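Working through the structure, step by step
Listed here are the chains, written in short residue letters.
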Amino acid sequence: MTHTRFIGTTLALALGSALHPQAAAPGKPVGSSTRAAELIQTLHLKVLPKESGYLGIVGVSQQHVTVDGRSLAVQSQNYYMLTEELPINYLHRLVPDDTHILIEGGPVDYFIFHPDGHVEIVTLGTDITHGERPIIAVPGGCWKALKLHKGAKYALMANTLSPEFTPDRVKIGEGSAWIKRFSDAAPWATPEFLRELIGPNLEK
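Cut-off values and rules
- Residues numbered from 1 in each chain as written.
- Predicted model: local features only at pLDDT ≥ 70, side-chain atom pairs only at ≥ 80, totals over all residues.
- Heavy atoms only, no water.
- Helix = DSSP H or I, 4+ residues; strand = E, 2+ residues; numbered from the N terminus.
- Salt bridge = Lys/Arg side-chain N within 4 Å of Asp/Glu carboxyl O.
- Buried < 20%, exposed > 50% of the residue type's maximum accessible area, 1.4 Å probe, protein only.

Pro107 follows Gly106 through a cis peptide bond whose omega is 10°. On the secondary structure map, Pro107 appears in the loop between β7 (97-105) and β8 (108-113). Geometrically, the link from Ser162 to Pro163 is a cis peptide bond, its omega value of -10° lying close to zero. Its location among the elements puts Pro163 in the loop between β12 (154-162) and β13 (170-172). Of note in this structure, His44 is not a glycine but carries a positive phi near 55°. Along the chain, His44 falls in the loop between α2 (33-42) and β1 (46-47). Here Asp68, not a glycine, exhibits a phi torsion of approximately 50°, which is positive. As for its position among the elements, Asp68 is in the loop between β3 (64-67) and β4 (70-73).

Counted under the stated rule, the structure contains eight salt bridges. One salt bridge connects Glu84 with Lys153, and the closest N-O pair in it is separated by 3.4 Å. Of this pair, Glu84 sits in the loop between β5 (76-83) and β6 (88-94) while Lys153 sits in the loop between β11 (143-148) and β12, placing them 69 residues apart in sequence. Residue Glu84 is classed as partly exposed on the basis of its relative accessible area of 36%. Glu196 is the salt-bridge partner of Lys147, the closest N and O atoms lying 2.7 Å from each other.

Here it is as structure tokens:
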């Protein structure tokens with residue numbers, strides 16, 4: 001099965017479980033804090049240590065690939081969620097490609113730092129006319145951090161990693177050398193804001 005078909009399958013499963021017409025019961029309207037609490041409970045989401053936000057593991061693909069002599073599933077799938085209380089996914093770098101698909105809520109800003117030194121900000125959301133996109137793909141080897149827009153109650157996403165996520169292929173946080181490298185690479189990339197994106201994982 002191709003990577004594209006895996007993403008399509010993941011999105012269909014996510015939409016089927018989270019966006020079924022009966023999912024948002026009366027008194028829990030989409031976009032509300034009560035809806036966020038309902039999603040956390042129904043999808044069994046747990047606080048993600050260090051990175052922050054909420055994570056719910058869906059599974060891994062049955063097909064495998066060999067990477068550096070190691071057998072890995074072609075893809076792993078998760079739910080990921082930011083809320084008003086936990087609005088930032090702190091800076092981290094993943095070896096696998098990382099794709100996020102918006103299921104409900106948002107928007108969310110993605111701050112992406114490429115190995116060649118250039119940076120970009122991309123917004124995950126449904127206002128396509130104004131540049132938002134419902135799917136964001138981040139190449140492996142990039143650093144990234146996510147921040148929920150002010151006023152948004154939550155953002156529920158489907159997250160796919162190819163090849164699969166393993167704990168030894170992620171680095172969380174950075175230090176002063178990283179801040180110096182990316183400072184002023186864009187108007188928003190001030191040292192103060194970069195420290196905010198690193199958050200409690202700032203290396204001494």
